[in-house]
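Chain and residue survey
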Amino acid sequence: MLKLYYSKGSSAVAAHILLEEIGAPYETKEIPIAKGAHLSPDFLRINPKGRVPVLETPDGVLTENPAILEYIAAINPDVKLLPEGAFAQGEARALCAYLCATAHVAFAHKQRGARWADDDSAIHAMAAKVPQNLAECAEFLEKHGIKGPWALGSEFSFVDPYLFLMGRWAGMNNVPLDGYPKLAAHQSAMRDRASTQTVLERHGLA
Ligand SMILES: N[C@@H](CCC(=O)N[C@@H](CS)C(=O)NCC(=O)O)C(=O)O
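Residues numbered from 1 in each chain as written. Predicted model: local features only at pLDDT ≥ 70, side-chain atom pairs only at ≥ 80, totals over all residues. Heavy atoms only, no water.

What to know about the domain arrangement of the chain
Threshold: Here the limits of each domain have been adopted from an automatic or database domain assignment. In this analysis, two residues are considered to be in contact whenever any of their non-hydrogen atoms come within 4.5 Å of each other. By buried area we mean how much accessible surface two parts lose on assembly, using a 1.4 Å probe and totalling the loss over both. Note on definitions: salt bridges are taken to be side-chain nitrogens of Lys or Arg within 4 Å of carboxyl oxygens of Asp or Glu.
Here the chain is partitioned into domain 1 (3-79) and domain 2 (86-193). Taking only C-alpha atoms into account, the centre of domain 1 sits 20 Å from that of domain 2. Every contact between the two is made by 16 residues of domain 1 and, on the other side, 15 residues of domain 2. Considering only the surface of domain 1 that becomes buried against domain 2, Glu21, Pro66 and Glu70 emerge as the three largest contributors, covering 32% of it. Joining domain 1 to domain 2, the criterion identifies 2 salt bridges. The salt bridge partner of glutamate 70 is arginine 93, with a shortest N-O separation of 2.6 Å.

So, the pairing of strand β3 (residues 54-57)
This is how it is decided: Paired strands, as defined in this entry, are two strands with at least two bridges between them according to DSSP. Every helix listed is a DSSP run of H or I at least four residues long, and every strand listed is a run of E at least two residues long, numbered separately from the N terminus.
Note: strand β1 (residues 3-6) against β3, 3 bridges, orientation antiparallel. Across the sheet, residue tyrosine 5 finds its bridge partner in β3, namely valine 54. Summarising the sheet, β3 and strand β4 (residues 60-63) pair through 4 bridges and their orientation is antiparallel. Looking across to β4, one finds that valine 54 is bridged to threonine 63. Count of turn residues in the β3/β4 antiparallel hairpin: 2 residues.

What about the packing of aromatic side chains?
Filter applied, for reference: Aromatic contacts are taken between Phe, Tyr and Trp rings whose centres are within 6.5 Å, Trp giving its six-membered ring; a plane angle under 30 degrees counts as stacked, one over 60 as edge-to-face, and the others as tilted. Buried residues are those whose accessible area, probed at 1.4 Å on protein chains only, stays under 20% of the maximum for their type, while exposed residues exceed 50% and partly exposed ones sit between those limits. We count a charge as sitting over a ring when the NZ of a lysine or the CZ of an arginine lies within 6 Å of the ring centre and within 35 degrees of the ring normal.
The final tally for this structure, using the stated rule, is 4 aromatic pairs. On the numbers, 6.0 Å between centres and 50° between planes, the contact of tyrosine 5 with phenylalanine 43 is tilted. Of this pair, tyrosine 5 sits in strand β1 while phenylalanine 43 sits in helix α2 (residues 41-46), and the two are 38 residues apart along the sequence. Since its relative accessible area comes to 2%, phenylalanine 43 is described here as buried. Considering the side-chain rings of phenylalanine 107 and tryptophan 169, the 6.1 Å spacing of their centres and the 25° angle between planes classify their relative orientation as stacked. Here tryptophan 169 lies in helix α7 (residues 160-171) and phenylalanine 107 lies in helix α4 (residues 86-108), a separation of 62 residues in the sequence. There is no split in this pair, since phenylalanine 107 and tryptophan 169 are both buried. Note that arginine 193 overlies the ring of phenylalanine 156, its terminal NZ or CZ placed 3.6 Å from the centroid.

Next up, the structure:
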């Protein structure tokens, strides 16, 4: 059985929603980042990066949101959450890569600036720029990232729970998505899904 290691309110929300979409039993283990559990020796043995989400699978441990999300979709072909064809799959991966390496990293500069600088004023300056950077990410996603109504067009896919995180990253930085109609509609469509509602409840975000 799959086992998701998560911290409440973290980016693990995306994989959690996807597991609910699949509808098969899965296990979870909470790793509260606020209590430093992600840096415990036990957890570091599972993921030496000290990050969540982590997915334990019958084949081994997977880390990184894009890999975890695509894997869950790929092993459940009946649920049809992996787009068909090499090009459509490439587009899905490109969007996941953007969310992972650009949008999520832009968000991380708010609290994790010490990863990129030692100087307090540089860390402060990076944090101050987060709203602007996230607004630029939202602008890009609105114009070039999301086809609508779902990320890849008419079909819901494994990318959608990941794109949903953009609302949280933006919201936590006072970047309203109202000015981005496709993104705002996507947020609302995601919130209408039973999977999202279950997971937001479990993460204390409902
Ligand atoms: N690139 C990784 C990023 C994972 C990540 O940074 N997760 C955050 C929670 S959203 C975390 O574990 N933070 C703990 C830390 O940064 O020390 C992914 O997409 O899975």
